[in-house]
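Here is what each chain is made of, one letter per residue.
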Amino acid sequence: MDLTSPARPLSTAVNAAARLLPKQAALRLHADAGGLEVVGRDRDLSVRLTAPAITHTDGEVLVPAAPLAETLKMLDVDQVRLVVEGSRLAVRVEGARFALPLLDRGARVEPAPPPRLSEVDGGLLAAAVRTVAGTAAKDDPLPVFTGVRVQSSGDALVLTASDRYRMAVARVPLRAAWGPLDVLVPARLLTEATRHATGTLTLHADTGHFGLAWPGGTVTTAVLDAGFLSADTIPSGAVDTEVELSAATLAAAIRRVGVYAEDRRTFTLEVGDTHVRLASTRADTGEAEETLKANVSGGRTSPTFQARYLLDALAPFADTTVRLAIQPGLRACILTAAEPQEVSLTYYLMPMLR
């Protein structure tokens, strides 16, 4: 195998595959007249990405993923040459050479992809996944809290995730649908895959697997074996206070006032007739308060939140006016955009005891 490839697209493809796969994984590099294909597998996970390349000699090799990814990431060049030299794959650039051992390719069987079920815009899906997957637990004994539920509902794709203290639900318009879809996908893997997917994505699934495909790549993974999350389980019929204000303005005030909060970083959002007031005190630094204009309707229920969680909830609404539908007691506060958005997001945030 002998090829020359633009450095940045090559590094992007190799690093994306390496991040999706386990640390000790290997990558199969296949070069022909069509360019370079980067393929990795680990049990129920399969990754295939492409990179542009001028192939001088067709061929295929298996190399360790991590050192190749790290090497390419650190190169500050325009082009990279990959060439087999004996039992090594040489990474050649002007003035430098790096050589990786060739691994035994063995026999390989490429599994058939799951059936194609729907089609969605890659940019909209990536934006929705960034927010929704952020509410999934990073490490939890119950798999249901580490995944994102991906579900078709009419002409929309619904994404749901929760770590028990908060839940995000996003609706993304489908471009096409050929069958029902309802799976629980590992949140970290879904986030990484949609970061690199571009253009129109096709979604594939069967009883045990979920896949994303786009021009230049496919990712297929086993789904989580757990019950499904649903916003229907969160009581939301007791809203007695609604507040609308700039999400960016509220977030900035939380950061300023939060400096004066105690270690738990909690504060109360005091609701007035035409404003909200944030206040916090800290024994060693003093106290702070800030009043923001807001549109208020209904009652004056004033919930207490952990600052970090509320900031996370406000982040996807940064450029819009956010509506907080507040329920009394320890029922969830429901955040939505005040005006319709292309990706419809609903964020449920549990308040805290004062």
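Residues numbered from 1 in each chain as written. Predicted model: local features only at pLDDT ≥ 70, side-chain atom pairs only at ≥ 80, totals over all residues. Heavy atoms only, no water.

The protein goes by DNA polymerase III subunit beta in an unreviewed UniProt entry, where it is assigned to Amycolatopsis rhabdoformis. We quote the UniProt Sequence similarities (unreviewed entry) comment for the protein here in full: "Belongs to the beta sliding clamp family." Under the UniProt heading Subcellular location (unreviewed entry), the entry covering the protein gives this text: "Cytoplasm". (UniProt positions renumbered as here; feature names shortened; annotations may be inferred.)

Enquirer: What's the story with unusual backbone geometry in this structure? I'm lost.
Expert: Note: most residues except glycine have negative phi, and most peptide bonds are trans. Phi angles above zero are rare outside glycine, and R43 is one such case at about 50 degrees. Topologically, R43 is positioned in the loop between strand 3 (35–42) and strand 4 (45–51). Given a relative accessible area of 75%, R43 falls into the exposed group. Positive phi is not limited to glycine here, since R164 has a value of about 85 degrees. Structurally, R164 is set in the loop between strand 12 (156–162) and strand 13 (166–177). (Helix = DSSP H or I, 4+ residues; strand = E, 2+ residues; numbered from the N terminus. Buried < 20%, exposed > 50% of the residue type's maximum accessible area, 1.4 Å probe, protein only.)

Enquirer: I tried to follow the pattern of salt bridges on my own but got confused; where do I start?
Expert: Side-chain pairs of opposite charge can arise whenever the charged atoms involved come near each other. Tallied over the entire structure, the rule returns 18 salt bridges. Residue E60 is joined to R28 by a salt bridge in which the shortest nitrogen-to-oxygen separation is 3.1 Å. Here E60 is found in strand 6 (residues 59–64), whereas its partner R28 is found in strand 2 (residues 26–32), with 32 residues between them in sequence. Each member of the pair E60 and R28 is classed as buried. Notably, a salt bridge pairs R175 with D121, separated by 2.9 Å at the nearest N-O pair. On the criterion of sequence distance, the pair formed by R175 in strand 13 and D121 in strand 10 (residues 116–121) is long-range, its members being 54 residues apart. Bridged by salt links that share partners, the residues R19, E192 and R195 form one connected network. (Salt bridge = Lys/Arg side-chain N within 4 Å of Asp/Glu carboxyl O.)

Enquirer: Looking at this structure, I do not really get the packing of aromatic side chains. What am I missing?
Expert: Any two aromatic rings considered together are summarised by their centre-to-centre distance and by the angle between their planes. Counted by the stated rule, this structure contains one aromatic pair. Here the guanidinium or amino end of R116 rests over the ring plane of W178, the centre of that ring lying 3.9 Å away. (Phe/Tyr/Trp six-rings, centres within 6.5 Å; stacked < 30°, edge-to-face > 60°. Lys NZ or Arg CZ within 6 Å of the ring centre and 35° of its normal.)

Enquirer: Quick question: what am I supposed to make of the sheet that holds strand 1 (residues 2–6) here?
Expert: Pairing within the open sheet is antiparallel, and its five strands lie in the order 5-1-7-8-9. The open sheet is flanked by strand 5 (54–57) and strand 9 (96–101), the only strands paired with a single partner. Each strand of the sheet is rotated relative to its neighbour by a mean of 20 degrees, with strand direction disregarded. Taken together, the six bridges between strand 8 (residues 88–93) and strand 9 define a ladder with antiparallel strand orientation. Its bridge partner being in strand 9, L89 is matched across the sheet by L100. Strands in contact with helix 1 (residues 7–20) are strand 1 and strand 7 (79–85); relative to strand 1, the strand with the most contacts, it is inclined by about 100 degrees. (Pairing = 2+ DSSP bridges. Axes fitted to C-alpha atoms, helices over the stretch in contact; angles between N-to-C directions. Contact = heavy atoms within 4.5 Å.)

Enquirer: Help me understand the environment of G329 in this model?
Expert: Secondary-structure assignment places G329 in the loop between strand 24 (321–326) and strand 25 (333–337). Judged by relative accessible area, which is 59%, G329 ranks as exposed. Separated by 22 residues in the primary sequence, G329 and P351 place their C-alpha atoms 8.2 Å from one another.

Enquirer: In this structure, what is going on with the pairing of strand 20 (residues 275–282)? I would like to understand it.
Expert: Side-chain direction in a regular strand flips from residue to residue, so the side chains alternate between the two faces of the sheet. As defined by bridge partners, strand 19 (residues 266–271) adjoins strand 20 across four bridges and the pair is classed as antiparallel. Counterpart to E270 in the pairing with strand 20 is R277. With eight bridges joining them, strand 20 and strand 21 (residues 286–293) adopt antiparallel strand pairing. Counterpart to S280 in the pairing with strand 21 is A288. In this structure, the hairpin formed by strand 20 and strand 21 is closed by a connection of three residues.

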